[in-house]
Structures are given as structure tokens and as C-alpha cells.
Amino acid sequence: MKAGDVKVCVLRIEGTNCEDEMYQAFKMVGADPEKVHLKQLTGQVSDSLKRDIEDYDILAFPGGFSAGDYVRAGAIFAARIRSAIGPQIRKFVESEKPVLGVCNGFQILVELGLLPGLDDVMSNEPTAALYTNDSARFECRPTLLRNDNRGKCIFTSEVPKGKVLMIPSAHAEGKLLSMDPKFVDRLEENDQIVFRYVGEDGKDAQYPWNPNGSPSDIAGICNPAGNVLGMMPHPERVLTRFTHPDWTRGYESEEGDGLVVFRSVMKKLL
Amino acid sequence: MARIEIRIELKKGVADPEGKNTMKTLESLGFEGVKSVSSVKVFDMELDMSEEDAKKAGEEMCRKLLANPVIQNYKVIVR
């Protein structure tokens, strides 16, 4: 497959607001992205606008405040997907096509039961929650993420293990919770922990470097198969060096730290 | 016509930053003796069906949308 043949569905509903950056990210790595409204997949539009999820190679859930974050962040988007195209989404994931959820997108993947996916590819009910930050506030600042994945996640194949990336966070509900006391151990065993927040010294993050109080400083996880990644920070906001806060002060790379997530998944597909 | 109230509460053991912050603020405003504050979400609805069916429908709504069973409990009260 050529890069230009990789069709990416950047899925949105009302209240999604990071679809342009997500679209641009896939464009920059040579893919063929399209911003698609959920109604285009569920057929509630005129024929020329109808789309089929099966025709896409990658599904991406951008950030934002889908449906106004009412009920719970991501819950309404997830419920609408589940009721209208749940089986197709399950099939998409089972065929190991890549699915990315950033920020609100991560919240949607958790509400949809695709993450953490410990016992089933797509559970009927959420098995985890992205819950209100410890500070009870919207936390918005650059964060440092260390790639802790041992090789399962297809979105970090081009990131050396242990490498720290600067990727900004902007969320009010990012604390990953489960009622299973062995939750973090199980994620670790399965190689599902992808990114952890770290402090300026590269060690364990304290607030504000861990913006939400997530256990074990978890910022992003993948499913047991490694093809679904959800992360709270926004890689699509640092595609070039110019959106890094320190770009005039010795930032060496031409590329922004977030682009590698998109390069990695393309490398896996081509 | 049935009227139901759905209460979504946090499970025991789940931290409640909104409740905690509210309590701190109330204390700073001079309210004394505030022992605890919990945030609760309430949905009030009218349904065109019997009370029994409305209760069942309310519970189904909680399972499908209104509550996340990992962190929340729900209660459907017929009014």
C-alpha cells in the first residue's frame, strides 16, 4: 500500500473541535484523511455524503467536547456509536485496523468499551473511567511523556523505549480509574501502558507534571492487541517545532514531538 | 404518565474533587459544621408509560448511557 492510499476517518460529532489538527497530522505523514461526521456513517445524510467505516484503514477520534461533555465526557458520542454502528466498529478493531483516540477521543474509547479491553475486544459496558482530575480543574500545559511500551503498540513503533516527548495536555477528566486493584499490573503485564507522565528530571511525575492524578502516571494505553491507542495529551498539537513552547531556545528537531505517533502507524501499514 | 428521578452517585471509594472543593469553599465562606459534601447528578423525566415500565426504562437508560458502572451507582425513584 502507498501512503496516499491509506484512508483515515477522522470521526466527529457536534462539539468535536480538534479534527482539523488530526486531519493535518495524517496529511503530513502522506495519508488520505477525511473529516467524517458520525451521521455519514449511520446513513442519516443524503446519498452522496454516506460513508462506510469498512472503506477506511485508520479510525481517529479527535479531541474536543463532543455533545458538550454532557452526562460524562465521551459518553454520548460512545452511546451513539454503539447503538448505530457498534458491530462494524467491533469488526474494524478485530481486523486489527488502527484506532486512535486523543483526549476526548480517549474518553470515547473508554466509554465505548474498546479500552482497556482486558477481557473483550469491545465490552458492553465501560470497564474503566476517565474521571475528574484531582485538582477538579481543567489542566492545560505542556506535559512530558515517556514511551514505556515494550513494542506492542503500533502507534509508538518509531519511538525508542524510554524516550521522552513533550506533548501538551488540555483536559478536566483524565484520571484513569478502574475498580480492579490489579488494574495497573494487568496493563503492565499485557504491555498496554504506552505513555507515562514524567517530571522535568525524567522521573516519576508529581502534580503538575501529572496533570490529573492518574495512577502510575498513566497518560496513554493501548488494547491487548496493540492496535487501539487512547491518550489524554495531544500529539496533533505538536506536529512542527513551531508549536513547541521552547522552539526558539535550543529545540533541535525540525519535526514536532507529536508527529512520530502518526509516522509510526503509517510505517506499520505500509 | 410517570415521573421518575434518576440519581447518579459516585461509588464509595471514588474521590469526589467537586464535593471536596465545594466543602473547602464553604468552610472558607465561614459555614461551620459542614461534615461532608458529595456531588450528585440528577435527571428528572416524564415518561408516557406505567410507573413500573418507567422504572425499568430508567434502569436501562443508566446501563446504556447515564452511569459508568466503574465509578457510579444509580437509583431510579418513581415520583
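Preceding block: the structure.
Keep in mind that this is a model prediction, so the values were computed, not measured.

## Points about the overall build of chain A
Thought 1: Along chain A, the regular secondary structure elements total six helices and eleven strands.
Thought 2: For a compact globule of 270 residues, the expected C-alpha radius of gyration is about 18 Å, and chain A comes in at 17 Å, within 12% of that figure.
Thought 3: Along the three orthogonal principal directions, the C-alpha set of chain A runs to about 55 × 40 × 35 Å.
Thought 4: Of all 270 residues assigned to chain A, the portion counted as buried reaches 56%.
Thought 5: Look at the contacts in chain A between residues 6 or more apart in sequence, and 75% of them connect residues 24 or more apart.
Thought 6: Within the structure as shown, chain A displays about 10,800 Å² of accessible surface, and the carbon and sulfur contribution to it stands at 48%.
Thought 7: Averaging the positions of the 32 positive and the 39 negative side-chain charges in chain A gives two centres separated by 1 Å.

## Quick notes on the interface of chain B and chain A
Thought 1: Contacts between the two partners involve 19 residues from chain B and, on the opposite side, 20 residues from chain A.
Thought 2: Contact between chain B and chain A buries roughly 1,400 Å² in total, counting both sides, with carbon and sulfur atoms accounting for 66%.
Thought 3: Our count for the chain B to chain A interface comes out at zero salt bridges.
Thought 4: Along the contact surface separating chain B from chain A lie six residue pairs in polar contact (both at pLDDT 80 or more).
Thought 5: A per-element tally of the side of chain B that touches chain A places helix 2 (residues 51-66) of chain B first, with four residues.
Thought 6: Split into classes, the residues belonging to the side of chain B that touches chain A amount to eleven nonpolar, three polar and five charged.

## A word on the packing of helix 1 (residues 19-28) of chain A against helix 6 (residues 259-269) of chain A
Residues and elements named next belong to chain A.
Thought 1: Axis separation between helix 1 and helix 6 bottoms out at 9 Å; the angle between their running directions is 55 degrees. By the angle between their directions, the pair helix 1 and helix 6 is classed as oblique. In the packing of helix 1 onto helix 6, the handedness of the crossing is right-handed. In this structure, helix 1 contributes Met22, Ala25, Phe26 and Met28 to the contact, and helix 6 contributes Leu259, Phe262 and Val265.

## Some remarks on helix 1 (residues 17-28) of chain B
Thought 1: Here helix 1 of chain B contains twelve residues, and its C-alpha end-to-end distance of 16 Å stays within 8% of the 16 Å for a straight helix at 1.5 Å per residue.
Thought 2: Looking at helix 1 of chain B, one finds that the buried residues are Pro17, Gly19 and Met23 of chain B. Buried residues of helix 1 of chain B, viewed axially, fall in a sector of 165 degrees; they line one side. Every exposed residue of helix 1 of chain B that faces more than 90 degrees away from the buried side is listed here: Glu18, Lys24 and Ser28 of chain B.
Thought 3: Those residues of helix 1 of chain B that are buried are in contact with strand 5 (129-132) of chain A.

## Concerning the pattern of salt bridges
Residues and elements named next belong to chain A.
Thought 1: Tallying each qualifying case throughout the model produces 26 salt bridges over all chains.
Thought 2: With a shortest N-O distance of 2.8 Å, lysine 175 and aspartate 134 are connected by a salt bridge. Residue lysine 175 is found in strand 8 (residues 173-177), and its partner aspartate 134 is found in the loop between strand 5 and strand 6 (139-147); the two are separated by 41 residues along the sequence.
Thought 3: Of the residues examined, aspartate 134 reaches a relative accessible area of 43% and is grouped as partly exposed.
Thought 4: We note a salt bridge from lysine 267 to glutamate 158, for which the minimum N-O separation is 4.0 Å. Placement of the pair is lysine 267 in helix 6 and glutamate 158 in the loop between strand 6 and strand 7 (164-171), with a sequence separation of 109 residues.
Thought 5: Classification of lysine 267 as exposed rests on a relative accessible area of 54%.
Thought 6: One salt-bridge network, in which partners are shared between bridges, spans Arg146, Asp148, Arg150, Glu188 and Arg196.

## With respect to the sheet that holds strand 1 (residues 2-10) of chain B
Sheets are built from strands paired through backbone hydrogen bonds, the pairs being either parallel or antiparallel.
All names here are of chain B.
Thought 1: Taken in spatial order, the three strands make up an open sheet running 2-1-3, and their pairing is antiparallel. Of all the strands in the sheet, just strand 2 (41-47) and strand 3 (72-78) have a single pairing partner and so form its edges. On average, each strand axis in the sheet is tilted by 20 degrees relative to the strand beside it, whichever way the strands run.
Thought 2: Taken together, the seven bridges between strand 1 and strand 3 define a ladder with antiparallel strand orientation. Bridged to isoleucine 8 within strand 3 is tyrosine 74.

Rules behind the numbers
Residues numbered from 1 in each chain as written. Chains lettered and ligands numbered in written order. Predicted model: local features only at pLDDT ≥ 70, side-chain atom pairs only at ≥ 80, totals over all residues. Heavy atoms only, no water. Helix = DSSP H or I, 4+ residues; strand = E, 2+ residues; numbered from the N terminus. Rg over C-alpha atoms; globule rule 2.2 N^0.38 Å. Buried < 20%, exposed > 50% of the residue type's maximum accessible area, 1.4 Å probe, protein only. Contact = heavy atoms within 4.5 Å. Areas by Shrake-Rupley, 256 points an atom, 1.4 Å probe, with all protein chains shown as cover. Lys, Arg positive; Asp, Glu negative; His and termini not counted. Charge placed at Lys NZ, Arg CZ, Asp CG, Glu CD. Buried area = accessible area lost by both parts, 1.4 Å probe. Salt bridge = Lys/Arg side-chain N within 4 Å of Asp/Glu carboxyl O. Polar contact = N/O pair within 3.5 Å; in protein donor to acceptor, adjacent residues only side chain to side chain. Nonpolar A, V, L, I, M, F, W, Y, C, P; charged D, E, K, R; others polar. Axes fitted to C-alpha atoms, helices over the stretch in contact; angles between N-to-C directions. Parallel < 35°, antiparallel > 145°, perpendicular 65-115°, else oblique. Left-handed = near helix turned anticlockwise from the far one by under 90°. Expected span 1.5 Å × (residues − 1). Arc of directions from axis to C-beta. Pairing = 2+ DSSP bridges.

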